[in-house]
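Structural features, examined
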Amino acid sequence: MSLLILSSSDVESLTEDLSPSQVIDLMSKVFAELSNHASSGQTEPVIQSPERTSVQTPHQAILFMPSYWLSAGTAIKIVSVPKDSAQSQGPVGLPATTAVINSETGCVEAIVNARTLTALRNAAGSALATSLLRSSKPAPKNLVLFGAGLQVGFHARTFLHPEVYGSSIQNVTVINRSDNERLRTLVQDLKRRFSRIEEGIKGLVSSDESKVEDAVRNADLICTATSSKLPLFPSEWVKPGAHLNLIGSYTPDMREVDEELVHRAEMVLVDSREACLTEAGDLIQAGWKDIGQSSDELVGKIFEIGEFHAQTQGIQLGDNAVTIFKSVGVGVQDVAIASLVVRLAKERGVGTLVPYD
């Protein structure tokens, strides 16, 4: 057999023609089956997505995320997270690789560079959640993003796409810890891609508190993708009706917003309730730790995105409702997006085939 190798440039060429709606639709199916399977009690597993495991080395935390989805197959993604913040992800993203396994033979059939795929599927998940929670609200005009890495770049490009909110957003503010090359490069790239609102796109340093406060207070949409262990801004800065996509935290000691904002939100969507109440510091530090918890606060407030999508008609949110989507990422998303890319590669003859067995 041969092993298909897809480099970062291969993946870029295969995904550049994918529209946001295609990836959003794929993530919608993933989340729907993830939630339906969790509540169906089926004996035959449609989805298997165990908690991520990790290996701690002197310089890296190496994360392993295996998953199976009947509709797509089996894969395992491996991500290395530097322990030194000075080596944190740059414009190319964290080192990430997905091994796609042939469902019939059990052999690895493809090795995929997953740096951009992780950011792509996360941005699509955020766009899906935002559309569900803002369906009855006025179109957003002001977008604020915290961080300047690959995740933030993909979120900005997704939300500014004509299929999403490209026709309504007028102002984009990217807030980073420092005025570094990564921030400047991202802002210039966004100005080049979206020249229609070039004057409305700017970068800020988080230490410039008055300007950051002004940006957050005016934001209709806020996306955070940082490794912070402290809230990036206080709840009081978030205006009524704002929606937040929280992507950065994935351990109990990480968080990007304060507990007051979590309690203030009228609706909190999560990719996986079990994963988020085990891993997401934003929720855990607000007191949401018990998967079986049925307090008055949580009933009717926290939903998996797949659950909420199925019940949308019965849920009404006012224009002033603050809403949150919290994602820690689930392995089945990686199976779905990697399998799609491998299928496209085979159809188009992209990648390198290596004799293996």
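Since the structure is predicted, the reported quantities are computational estimates derived from the model, not experimental observations.

**Section: the pairing of strand E5 (residues 73-82)**
The side chains of a regular strand alternate, residue by residue, between the two faces of the sheet. The element E5 is largely enclosed, with a buried count of 7 among its 10 residues. Relative to E5, strand E4 (residues 60-69) runs antiparallel, the two being bridged by 10 bridges. Each residue of the ladder has a partner; that of tryptophan 69, found in E5, is glycine 73. Taking the residues between adjacent antiparallel strands as the criterion, E4 and E5 are bridged by 3 residues. Note: E5 against strand E6 (residues 96-101), 6 bridges, orientation antiparallel. Along E6, the bridge assignment pairs threonine 74 with isoleucine 101.

**Here we look at helix H11 (residues 331-348)**
Taking 1.5 Å of rise per residue, 18 residues should cover 26 Å, and H11 covers 26 Å from first to last C-alpha, within 8% of that figure. Where burial is concerned, most of H11 is hidden: 14 out of the 18 residues are buried. Glycine 349 lies just past H11 and shows a positive phi near 70 degrees.

**So, the packing of aromatic side chains**
The description of two aromatic rings rests on the distance between their centres and on the angle between their planes. Here the structure, examined in full by the defined rule, presents 3 aromatic pairs. Between phenylalanine 146 and phenylalanine 233, the ring centres sit 5.2 Å apart and the planes meet at 35 degrees, which makes this aromatic pair tilted. Note that phenylalanine 146 is positioned in strand E8 (residues 142-146) and phenylalanine 233 in the loop between strand E11 (221-224) and strand E12 (243-246), a separation of 87 residues in sequence. Taking the relative accessible area as the measure of exposure, phenylalanine 233 reaches 3% and is therefore buried. Each ring, one from phenylalanine 159 and one from tyrosine 165, has its centre 6.2 Å from the other, and the planes form 10 degrees; the classification is stacked. For the pair phenylalanine 159 and tyrosine 165, one class covers both residues: buried.

Rules used in this analysis
- Residues numbered from 1 in each chain as written.
- Predicted model: local features only at pLDDT ≥ 70, side-chain atom pairs only at ≥ 80, totals over all residues.
- Heavy atoms only, no water.
- Buried < 20%, exposed > 50% of the residue type's maximum accessible area, 1.4 Å probe, protein only.
- Helix = DSSP H or I, 4+ residues; strand = E, 2+ residues; numbered from the N terminus.
- Pairing = 2+ DSSP bridges.
- Expected span 1.5 Å × (residues − 1).
- Phe/Tyr/Trp six-rings, centres within 6.5 Å; stacked < 30°, edge-to-face > 60°.

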